[in-house]
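The lines below spell out each chain.
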Amino acid sequence: DVVESKIKRLKNENVSIKNYAHKCALIASHINPWFGGAIVPYSCWLNLGEKVNVIFTQNKNETYVEGRALTCIQKGQELTQAYAYSAAELLYRYGFIPYFWDLGSEDSVSF
């Protein structure tokens, strides 16, 4: 069993299950799904903004993620980014849609 094997390895490495679970939760909370599940620590510090001024992209070889300013950013100005490409994605991933988000045709569900 995979779980029993992991618990055994943790015990052999003198790592508590509680400590391991805490580290897993911390890492999972910082996973950026836009980049194949990569951990991109700096991007998680930026807030969602009505006027986005930073964008994160992945290079062609998918070896790193790069943040770029979209506008001239003044000293002390808040850095903001988009959290999703659509309101539907934002609602699915984060559980909310801010008041300033424009709903597009891709943001509807048919039954």
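Our subject is the structure listed above.
Criteria and cut-off values
- Residues numbered from 1 in each chain as written.
- Predicted model: local features only at pLDDT ≥ 70, side-chain atom pairs only at ≥ 80, totals over all residues.
- Heavy atoms only, no water.
- Helix = DSSP H or I, 4+ residues; strand = E, 2+ residues; numbered from the N terminus.
- Buried < 20%, exposed > 50% of the residue type's maximum accessible area, 1.4 Å probe, protein only.
- Polar contact = N/O pair within 3.5 Å; in protein donor to acceptor, adjacent residues only side chain to side chain.
- Contact = heavy atoms within 4.5 Å.
- Pairing = 2+ DSSP bridges.
- Patch = residues over 30% accessible without salt bridge, like charges linked within 9 Å, V, L, I, M, F, W, Y side chains within 5 Å.
- Areas by Shrake-Rupley, 256 points an atom, 1.4 Å probe, with all protein chains shown as cover.
- Salt bridge = Lys/Arg side-chain N within 4 Å of Asp/Glu carboxyl O.
- Phe/Tyr/Trp six-rings, centres within 6.5 Å; stacked < 30°, edge-to-face > 60°.

Caption draft 1: The arrangement of the side chain of Thr80 in detail. Within the secondary structure layout, Thr80 lies in strand 6 (residues 80-81). Thr80 gets classed as buried once you look at its relative accessible area, which sits at 7%. Polar side-chain contacts of Thr80 include one of 2.9 Å to the backbone oxygen of Lys51. The residues touching Thr80, leaving out its near neighbours within four places in the chain, are Leu46, Asn47, Leu48, Gly49, Lys51, Val52, Asn53 and Val54.

Caption draft 2: Main features of the pairing of strand 5 (residues 65-69). Taken together, the 5 bridges between strand 4 (residues 54-58) and strand 5 define a ladder with antiparallel strand orientation. By the bridge assignment for strand 5, Gln58 is matched with Val65. The antiparallel hairpin formed by strand 4 and strand 5 contains 6 residues in its connecting segment, where Glu62 sits at a positive phi of about 55 degrees.

Caption draft 3: Spatial organisation of a nonpolar patch on the surface. Judged by side-chain polarity, Leu91, Ile97 and Leu103 come together as a nonpolar surface patch covering roughly 280 Å² of accessible area. Within the secondary structure, Leu91 is located in helix 3 (residues 87-94).

Caption draft 4: Fine view of the packing of aromatic side chains. Using the criterion set out here, one finds 1 aromatic pair in the structure. Measuring from ring centre to ring centre gives 5.3 Å for Tyr99 and Phe100, while their planes differ by 85 degrees; the resulting arrangement is edge-to-face. Given the relative accessible area of 21%, Phe100 is considered partly exposed.

These results come straight from atomic positions and should not be treated as a statement about function.
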